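# Fold and geometry: a report
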Amino acid sequence: LHGYCITLTFSAKAKVAMSRFEPGSSINYEKMHENINIVRKRLNRPLTLSEKIVYGHLDDPVGQEIDRGRTYLRLRPDRVAMQDATAQMAMLQFISSGLPKVAVPSTIHCDHLIEAQIGGAQDLQRAKEVNQEVYNFLASAGAKYGVGFWKPGSGIIHQIILENYAYPGVMLIGTDSHTPNGGGLGSICIGVGGADAVDVMAGIPWELKCPKVIGVRLTGTLSGWTSPKDVILKVAGILTVKGGTGAIVEYHGPGVDSISCTGMATICNMGAEIGATTSVFPYNHRMRTYLEKTGRAEIASVADQFQDDLVPDPGCEYDQIIEINLSELKPHINGPFTPDLAHPVSEIGAVAKKSGWPLEVKVGLIGSCTNSSYEDMGRAASLAKQALDKGLKCKAQFTVTPGSEQIRATIERDGYAKILSDVGGIVLANACGPCIGQWDRCTDVKKGEKNTIVTSFNRNFTARNDANPATHAFVTSPEIVTALALAGTLNFNPETDYLTAPNGEKFKLEPPTGDELPSRDFDPGQDTYQHPPAESSSIKVDVNPSSNRLQLLEPFDKWHGGDLTNMKVLIKVKGKCTTDHISAAGPWLKFRGHLDNISNNLLIGAVNIENDGVNKVKNQLTGEYGGVPDVARHYKANGVNWVVVGDENYGEGSSREHAALEPRHLGGRAIIVKSFARIHETNLKKQGLLPLTFADPHDYNKIRPDDSISITGLKSFAPGKPLTAVITHINGSQESISLNHTFNETQIEWFKAGSALNRMKELQ
């Protein structure tokens, strides 16, 4: 009887809407609670928080095989979010699936196509004009298929999700690699390619390899110059860009309570840079306060009832444990050219001198989806105000990117925006901007000129921010960016060094301070949300056949039933090859809805081992050198299949599935590398390509750029069974090597059908 009463009480209280925009969809903690209990009994052990939320969303908790790091889980995520650059391809794929409406609450966010040039208002207006066709397509597709649409100027997808859609225990998938940001609110939020989003929107169970769990135990307290960003800068230094692959990073321990909810989001956001599936924090009072401040007190009170499901079980086991004492953690700055090269700020000046990195800081950039909260802006403004009180402005250029319209309006109302402008800052649009290369940086340095910038962003790969490969980009906290922009040099440690006021007076900056949340409520600013109408059958989604920005998709060809023989090596890639190398962003973002046009950037950033050049490969049919996409098109036109050979952690970085669609579209069949980044490997499988890894990594050295390769064993293609590559050298000699893969039965069906989307149609 007692148990019956509890269930009744839960049910009576539990009809709480998932968000204010979706009164018809309610949070289902009961179902999660039931699933957790089934799995806990089956495994007979305490569960980590990651396991509770993930297993709490299993399609079949009774029958699902669960083995961390080995089995594939079939999951039922609660919702989907897409940013405008990836939403184009996701919606084009959804349209070609033939389904009438999305099966779960889904949203589109316009944040990627706004180029930073002059300042917020002008840049936004220009973006609306330049991207009108794409925005119209996304708005009308959203309205037709039941997807909420956040207009340009609303803010960055991850900030909007934190403010409106994330909540403790929700499982959300997003078509952007920094989706894990929502882990700061106790959510499991995972970055995926558009094809994965289509599965969930179509109501099909979504597959994820059962993640391992890395525990990060936090002790002590954050204080002074040390910020939440320093936690993940430190973790990135420990784990490196691939140390989190296949794992969820779970923060726990007594130190957690000293970090604000938005600070926890910062840490989870940049977890993408260590290859982690996602990151998460346990539900606590900081999250409750944030939910209340963002108008979701009802969600907080129902989360309180289910608190035990939203924290790890005592005695649960992690696959690896990292310990960090926040009281001893010092401010960090990571870079250049990779986000895992970690340095204490106190040492960066000396390291830069020794390494020949430019000391002068040309531009300081704060904001981005990682660091644009009210607290971040307040702490940066507290430093700017100290400088202004002494008559000092930034020596470097300084830009400020608010994370959302709500943040922009609130920092304007509370005076932070004015302080940051007065010290020399330009307030940019509520969008991704320079963080993803949407930055028209034409005034202060020429392309190819060595220079240093410091940002509060998350990535700093070569040429990512400004398309200049000689730009040395460093990532750090907004507070340190502000201090270094004031000093104008990397050789400045704000904890010990002095600034000089215009009157010659030397002064030291006091450590930054800032309120976690505004004392008054947030100012929502302008309303930028479009509800999908209840009745949408009359809505037309137009794609102009002569458009150079949008193109309806043609299905990829099915597997012909035999081995793949006599394929050319399009390029043998040397070293780091991120999705930025495979399908660059920046100016190419405008073609994200047009597969044929965007395919002209295929691998143009990858280094060819044959000549150390970029975008210069030998066409084996003509003997002449050409651009990678041009040679690929020539092979395709002549009916010749090709492969790419690559190095470690191939495809790290952004979740963009164009890096998988383009090689498939231009005639690629297999990508053979030492190791893959998680999202990219799945994206390749979804498009009917074979992502394969060398059983012996040294076999990478056996393949020459002018070889032909056949892949055999496909007739008996099965999970866990390696395939064979027969390499034919130019002199006619042959050798065979073994190639591993991670395909399961379902994924092998995708390959045979030609793509996951083809398979979905076969099953309808």
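Residues numbered from 1 in each chain as written. Predicted model: local features only at pLDDT ≥ 70, side-chain atom pairs only at ≥ 80, totals over all residues. Heavy atoms only, no water.

## A few points about the domain arrangement of the protein
Taken as a whole, the protein is organised into domain 1 (49-325), domain 2 (332-508) and domain 3 (564-763). Each of domain 1 and domain 3 has a C-alpha centre, and the two are 29 Å apart. For the pair domain 1 and domain 3, the summed buried surface comes to about 2500 Å²; carbon and sulfur atoms form 53% of the total. K686 is the partner of D196 in a salt bridge, and the nearest nitrogen-oxygen pair spans 3.3 Å. One can count 14 residue pairs in polar contact (both at pLDDT 80 or more) joining domain 1 with domain 3. When residues of the side of domain 1 that touches domain 3 are traced back to their parent elements, those giving at least two are β1 (72-75), α4 (84-97), β6 (188-191), α8 (194-201) and β7 (206-209). No other element matches the 9 residues that α4 contributes to the side of domain 1 that touches domain 3. (Domains from an automatic or database assignment. Buried area = accessible area lost by both parts, 1.4 Å probe. Salt bridge = Lys/Arg side-chain N within 4 Å of Asp/Glu carboxyl O. Polar contact = N/O pair within 3.5 Å; in protein donor to acceptor, adjacent residues only side chain to side chain. Helix = DSSP H or I, 4+ residues; strand = E, 2+ residues; numbered from the N terminus.)

## As for the environment of F137
Mapped onto the elements, F137 comes out in helix α6 (residues 132-145). You can call F137 buried: its relative accessible area is 1%. In this structure, F137 is in contact with Q88, M91, L92, I95, V541, D542, V543 and L550, ignoring residues within four places of it in sequence. (Buried < 20%, exposed > 50% of the residue type's maximum accessible area, 1.4 Å probe, protein only. Contact = heavy atoms within 4.5 Å.)

## Observations concerning helix α12 (residues 297-305)
Buried within α12 are the following residues: I299, A300, V302 and A303. Among the structural elements, α2 (29-43) and α11 (285-293) are those in contact with the buried residues of α12.

## Points about helix α10 (residues 261-269)
Where burial is concerned, most of α10 is hidden: 9 out of the 9 residues are buried. Among the residues of α10, those classed as buried are C261, T262, G263, M264, A265, T266, I267, C268 and N269. Elements in contact with the buried residues of α10: α7 (157-164), α9 (228-239), β9 (247-252), β10 (278-280), α11 and α14 (374-389).

## Quick notes on the sheet that holds strand β2 (residues 79-83)
Spatial strand order, β6-β5-β2-β3-β4-β21: 6 strands in an open sheet with mixed pairing. Both outer strands of the open sheet, β6 and β21 (529-530), are each paired with one neighbouring strand and no more. Note that strand β3 (residues 106-109) and strand β4 (residues 148-150) share 3 bridges and pair parallel. Paired with T107 across the bridge in β4 is G148. Contacting β3, β4 and β21, α6 runs over the sheet at an angle of about 155° to β4. Packed on one face of the sheet, α8 meets β2, β3 and β5 (171-174) and runs near 145° to β2. (Pairing = 2+ DSSP bridges. Axes fitted to C-alpha atoms, helices over the stretch in contact; angles between N-to-C directions.)

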